[in-house]
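Topology and contacts: notes
The primary structure of each chain is shown beneath.
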Amino acid sequence: DRFDTLTNLKSTSLRISTLKQLPLSFFQLQSLEDLSLEGTAITELPNQIELLINLKKLSLNGSKITQFPSNFFSLPSLEWLDLKDSSITELPADLG
């Protein structure tokens, strides 16, 4: 649970894990640029996702996430989002 000690971590994969939620300390990873949650049991992303201001690439391929938090699309650095085989059924209308 102590992600806050990994301050320089730029990329991580939690794919195909039984993880059901991300611990709050995870959102202290200010340097994180690439995150894979492929095939995880996580069903929702918390509002704290906005704290990952350097996140450029996010894979939710095969994840159980069904919707995005309201602030998700305000991530300033996000360039790539993989939703293949995820449980997302629609994107917000204001996505543009």
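Description of the structure in this document. (Residues numbered from 1 in each chain as written. Predicted model: local features only at pLDDT ≥ 70, side-chain atom pairs only at ≥ 80, totals over all residues. Heavy atoms only, no water.)

Looking only at helices and strands, the protein chain has zero helices and four strands in total. A compact globule built from 96 residues would reach a C-alpha radius of gyration of about 12 Å, and the protein chain, at 12 Å, matches this within 12%. Its C-alpha atoms put the protein chain at 35 × 30 × 20 Å along the principal axes. The burial tally for the protein chain puts 36% of its 96 residues in the buried class. (Helix = DSSP H or I, 4+ residues; strand = E, 2+ residues; numbered from the N terminus. Rg over C-alpha atoms; globule rule 2.2 N^0.38 Å. Buried < 20%, exposed > 50% of the residue type's maximum accessible area, 1.4 Å probe, protein only.)

In space, the four strands of this open sheet follow the order S1-S2-S3-S4, with parallel pairing throughout. Lying at the two open borders of the sheet, with one neighbouring strand each, are strand S1 (11-13) and strand S4 (80-82). Sheet twist, expressed as the average angle between the axes of neighbouring strands with direction ignored, equals 0°. (Pairing = 2+ DSSP bridges. Axes fitted to C-alpha atoms, helices over the stretch in contact; angles between N-to-C directions.)

Our focus in this paragraph is the side chain of asparagine 71. Within the secondary structure layout, asparagine 71 lies in the loop between strand S3 (57-59) and S4. Side-chain polar atoms of asparagine 71 contact the side chain of glutamate 50, separated by 3.0 Å. (Polar contact = N/O pair within 3.5 Å; in protein donor to acceptor, adjacent residues only side chain to side chain.)

Each aromatic ring pair is characterised by the separation of its centres together with the angle its planes make. Applying the stated criterion across every chain, the model contains four aromatic pairs. Taking the centre distance of 4.9 Å and the plane angle of 70° together, the rings of phenylalanine 68 and phenylalanine 73 count as edge-to-face. Taking the centre distance of 4.8 Å and the plane angle of 90° together, the rings of phenylalanine 72 and phenylalanine 73 count as edge-to-face. Taking the relative accessible area as the measure of exposure, phenylalanine 73 reaches 32% and is therefore partly exposed. For lysine 57, the ring lying beneath its charged end belongs to tryptophan 80, and the centroid distance is 4.6 Å. (Phe/Tyr/Trp six-rings, centres within 6.5 Å; stacked < 30°, edge-to-face > 60°. Lys NZ or Arg CZ within 6 Å of the ring centre and 35° of its normal.)

Moving on: the pattern of salt bridges. For side chains of opposite charge, pairing can occur when their charged atoms come near one another. Within this structure, the stated rule accounts for two salt bridges. Glutamate 33 is the salt-bridge partner of lysine 10, the closest N and O atoms lying 3.6 Å from each other. Pair noted here: lysine 10 is in the segment before S1 and glutamate 33 is in the loop between S1 and strand S2 (34-36), with a separation of 23 residues, a long-range link. Its relative accessible area of 45% is what places lysine 10 among the partly exposed residues. (Salt bridge = Lys/Arg side-chain N within 4 Å of Asp/Glu carboxyl O.)

Let's shift gears to the environment of threonine 43. On the secondary structure map, threonine 43 appears in the loop between S2 and S3. Sequence-wise, threonine 43 and phenylalanine 72 are 29 residues apart; in three dimensions their C-alpha atoms are separated by 15 Å. Setting aside anything within four residues of it in sequence, one finds threonine 43 in contact with Lys20, Lys64, Ile65 and Thr66. (Contact = heavy atoms within 4.5 Å.)

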